[in-house]
Amino acid sequence: MRIKEQVALAKAGDKQALLELIMAKERELYGLSYVYMRNEQDATDALQDMIVILYTRIHTLKKEEAFYSWAKQILVRCCLTKLRQGKRWQGIPEGYEESESNQPELGLDLLDAIHQLPPPQRDVILLYYYSDKTFEEISDILQCPVGTVKSRLHQALKKLKGRLGDEYREEA
Amino acid sequence: MNTEKRLRQDAVRFSNMTPPPDLRGKLQASLEAVPPVQRPVQVARPVRKWFSPAVAILSLAMIFVFISTFSQPQAGLLDYGDAGILTEQTDGIGTSAIDPSVPDTGSEIPLGRVGMFSGLALLTGYLCFIEFKERSRLLKLSLSALAVFTAVALIFMLGLV
């Protein structure tokens, strides 16, 4: 069934249609949630919060084709809310796959470094690189001016480059 | 390695993560805990099958009428081709310069074709209105395009340019 038709059914209150829409992109959505929450339990919790919000608010969605973009936005907000409530990473994440470059620790170092940033900078990095949001969208989610978003991103990148060592510096 | 490039690569890797096997069950359980809502289904009606061919035929007819307006030779007072010839009758009194069997085509405006073109345009507009009246964006788009095309064609056909 086409996405538009499924979204229309979900808008009419069909829970199964909404569930199928989410499961069609489960890897992407779970991965996005995991980047923020960094453990399976909290990532799943965030997804559960997201789907409940989607179900109760989907009738406000005007363009069916924007469903996934909207769902990701809600998911990110759920994750940020949980992070602000004090959910913290407790250890090495389960099932984390090695990178293709044969450097299995790089990904952990990078994510660890991101989560050690001050929350405003961390949020911008995660939204910009892991959620593929534009500056305007980030500004809307974080409720701050676009200039502030760019400034935080710049500061975050500078700190990351410093923390991760020389090999992460920009090539001359 | 460039940090930004590494961030992008990392993002791609995370987008392919394998979720836990019980994710569907947990999401379903969350949904079931929410009171069900019932709203009317609003699925956009697909375009009727006859619409596209009908508009295509009408558009072709309009283009044909437009082109044929300029392919007809313009008939002036002194140019009758083989159909009408300036005849001179010499009866000792004078000459009659015009053959009465040749129609007077002093007006250069092809009113018949302009009327036909306008009628086709009106019919096309009416069909667009019937099909898109529930979709204001498409209706505005189609009628605007038709209006521009009709206006430009009529300007040329009426000899205003």
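What you are looking at is a predicted structure, and each value in this text was computed from that prediction instead of being measured. Position numbers for residues start from 1 in each chain and track the written sequence from start to end. Note on labels: chains are lettered from A, ligands numbered from 1, in written order. Residues qualify for local features only when their pLDDT is at least 70, as the model is predicted, and side-chain atom pairs are given and counted only at 80 or more; totals for whole chains, interfaces and linings, by contrast, use all residues. Each side-chain value is worked out from all heavy atoms of the structure, with water and hydrogens disregarded.

1. A few points about the overall build of chain A
Moving on, step 1. A run of DSSP states H or I qualifies as a helix once it reaches four residues; a run of E qualifies as a strand once it reaches two. Both are numbered from the N-terminal end. Helices and strands together make up the secondary structure of chain A, namely nine helices and zero strands.
Moving on, step 2. Seen in sequence order, chain A has helices and strands lined up from the N terminus as α-α-α-α-α-α-α-α-α.
Moving on, step 3. Expressed as a percentage of its 172 residues, the buried residues of chain A come to 51%.
Moving on, step 4. In chain A, the share of contacts with a sequence separation of at least 24, taken over all contacts with a separation of at least 6, comes to 62%. Whether a residue is buried, partly exposed or exposed follows from its accessible area with a 1.4 Å probe, protein chains only, as a fraction of its type maximum: under 20%, in between, or over 50%, in that order. A contact between two residues is defined here by any heavy atoms of the two lying within 4.5 Å.

2. Topic: the overall build of chain B
Moving on, step 1. Along chain B, the regular secondary structure elements total five helices and zero strands.
Moving on, step 2. Taken from the N to the C terminus, the helices and strands of chain B come in the order α-α-α-α-α.
Moving on, step 3. Expressed as a percentage of its 161 residues, the buried residues of chain B come to 27%.
Moving on, step 4. The contacts in chain B between residues at least 6 apart in sequence include a share of 69% that link residues at least 24 apart.
Moving on, step 5. Surface exposure of chain B reaches about 11000 Å², of which carbon and sulfur atoms provide 66%. Working definition of accessibility: Shrake-Rupley area with a 1.4 Å probe, residue cover restricted to the visible protein chains.

3. Looking at unusual backbone geometry
Residues and elements named next belong to chain A.
Moving on, step 1. One non-glycine residue with positive phi stands out, namely D132, at about 60°.
Moving on, step 2. Topologically, D132 is positioned in the loop between α7 (119-130) and α8 (135-142).
Moving on, step 3. Its identity is not glycine, yet Q143 carries a phi of approximately 60°, on the positive side.
Moving on, step 4. Here Q143 shows up in the loop between α8 and α9 (146-164).
Moving on, step 5. Residue classification places Q143 among the exposed residues on the basis of a relative accessible area of 65%.

4. Digging into the interface of chain B and chain A
Moving on, step 1. The interface of chain B with chain A comprises 35 residues on the first partner and 51 residues on the second.
Moving on, step 2. Both sides of the chain B and chain A interface together cover about 4100 Å² of buried area, and 63% of this is carbon and sulfur.
Moving on, step 3. Here, a salt bridge means any Lys or Arg side-chain nitrogen found within 4 Å of an Asp or Glu carboxyl oxygen. At the junction of chain B and chain A, the tally comes to one salt bridge.
Moving on, step 4. R24 of chain B is the salt-bridge partner of E20 of chain A, the closest N and O atoms lying 2.9 Å from each other.
Moving on, step 5. Pairs of N or O atoms within 3.5 Å make up the polar contacts considered here, provided that, within protein, one atom can donate a hydrogen while the other can accept it, and that residues adjacent in sequence are counted only when both atoms are side-chain atoms. Counting across the interface, chain B meets chain A through nine residue pairs in polar contact (both at pLDDT 80 or more). Buried surface area refers to the total accessible area, computed with a probe of radius 1.4 Å, that the two partners give up upon joining, counted for both partners together.

5. What about the nonpolar core?
Moving on, step 1. Only buried residues count toward a nonpolar core, which is a set of Ala, Val, Leu, Ile, Met, Phe, Trp, Tyr and Cys residues joined through side-chain atoms within 4.5 Å. With 64 residues, the main nonpolar core has Y36, F67, I125 and Y130 of chain A as its most contacted residues.
Moving on, step 2. For this core, the leading source of residues is helix α5 (residues 67-84) of chain A, giving eleven residues.
Moving on, step 3. Once residues lying within four places of it in the same chain are set aside, the contact partners of F67 of chain A are V7, L18, L21, I22, L54, I58 and L61 of chain A.
Moving on, step 4. With 17 residues, the next largest nonpolar core counts L58, V65, L139 and M157 of chain B among its residues.

6. Looking at the pattern of salt bridges
Moving on, step 1. A full pass over the atoms with the stated rule returns 14 salt bridges over all chains.
Moving on, step 2. In this structure, E5 of chain A engages R2 of chain A in a salt bridge whose closest nitrogen and oxygen atoms are separated by 4.0 Å.
Moving on, step 3. Relative accessible area serves as the criterion here: at 55%, R2 of chain A is assigned to the exposed category.
Moving on, step 4. Of the charged contacts in the structure, one is a salt bridge between R48 of chain B and E131 of chain B, with a shortest N-O distance of 3.0 Å. With R48 of chain B in the loop between α2 (23-32) and α3 (51-71) and E131 of chain B in helix α4 (residues 111-132), this residue pair connects regions lying 83 residues apart in the sequence.
Moving on, step 5. Classification of R48 of chain B as partly exposed rests on a relative accessible area of 33%.
Moving on, step 6. The buried category is assigned to E131 of chain B, whose relative accessible area is 1%.
Moving on, step 7. Residues participating in the shared-partner salt-bridge network are K25, E28 and K72 of chain A.

7. Re the environment of T148 of chain A
Moving on, step 1. Following the sequence through the fold, T148 of chain A ends up in helix α9.
Moving on, step 2. With 24 residues separating them in the primary sequence, T148 of chain A and V124 of chain A have C-alpha atoms 9.9 Å apart.

8. Some words on helix α1 (residues 3-11) of chain A
Moving on, step 1. The set of residues buried in α1 of chain A consists of Q6, V7, A8, A10 and K11 of chain A.
Moving on, step 2. Just beyond α1 of chain A, the residue with positive phi is G13 of chain A, at close to 110°.

9. Thoughts on the confidence of the model for chain A
Moving on, step 1. You can read pLDDT as the predictor saying how much it trusts each residue, on a scale of 0 to 100. Overall, the prediction assigns chain A a mean pLDDT of 82, with 82% of residues at 70 or greater.
Moving on, step 2. Low pLDDT (under 50) marks residues 166-172 of chain A, which in the prediction has twelve contacts with non-local residues, meaning those over four places away or in another chain.

10. Quick look at the packing of α9 of chain A against helix α1 (residues 3-14) of chain B
Moving on, step 1. A fitted line through C-alpha atoms serves as each axis, taken over the contacting stretch for helices, and the angle formed by two N-to-C directions is quoted from 0 to 180°. One can describe the packing of α9 of chain A onto α1 of chain B by two numbers: an axis separation of 10 Å at closest approach and a directional angle of 95°. As judged from the angle between their axes, α9 of chain A and α1 of chain B are roughly perpendicular. Across the interface between the two elements, L157, L160 and K161 of chain A of α9 of chain A pack against T3, E4 and L7 of chain B of α1 of chain B.
Moving on, step 2. Under this grouping Gly is polar, as are all residues other than the nonpolar Ala, Val, Leu, Ile, Met, Phe, Trp, Tyr, Cys and Pro and the charged Asp, Glu, Lys and Arg. Taken together, the residues of the contact of α9 of chain A with α1 of chain B break down into three nonpolar, one polar and two charged. Every angle not falling under 35 degrees, over 145, or within 65 to 115 is termed oblique; those three ranges are roughly parallel, roughly antiparallel and roughly perpendicular.

11. Considerations on α1 of chain B
Moving on, step 1. Between the first and last residue of a helix there are one fewer steps than residues, each counted as 1.5 Å, and that sum is the expected span. Between the first and last C-alpha of α1 of chain B there are 16 Å, a value that for twelve residues agrees with the 16 Å anticipated at 1.5 Å per step.
Moving on, step 2. For α1 of chain B, the N-terminal capping position is held by N2 of chain B, with its side-chain oxygen 2.8 Å away from the main-chain nitrogen of E4 of chain B.

12. Quick look at the side chain of Q121 of chain A
Residues and elements named next belong to chain A.
Moving on, step 1. Position of Q121 relative to the elements: it lies in helix α7.
Moving on, step 2. Taking the relative accessible area as the measure of exposure, Q121 reaches 8% and is therefore buried.
Moving on, step 3. Every residue in contact with Q121, bar those within four places of it in the chain, is listed here: R152, Q155, A156 and K159.

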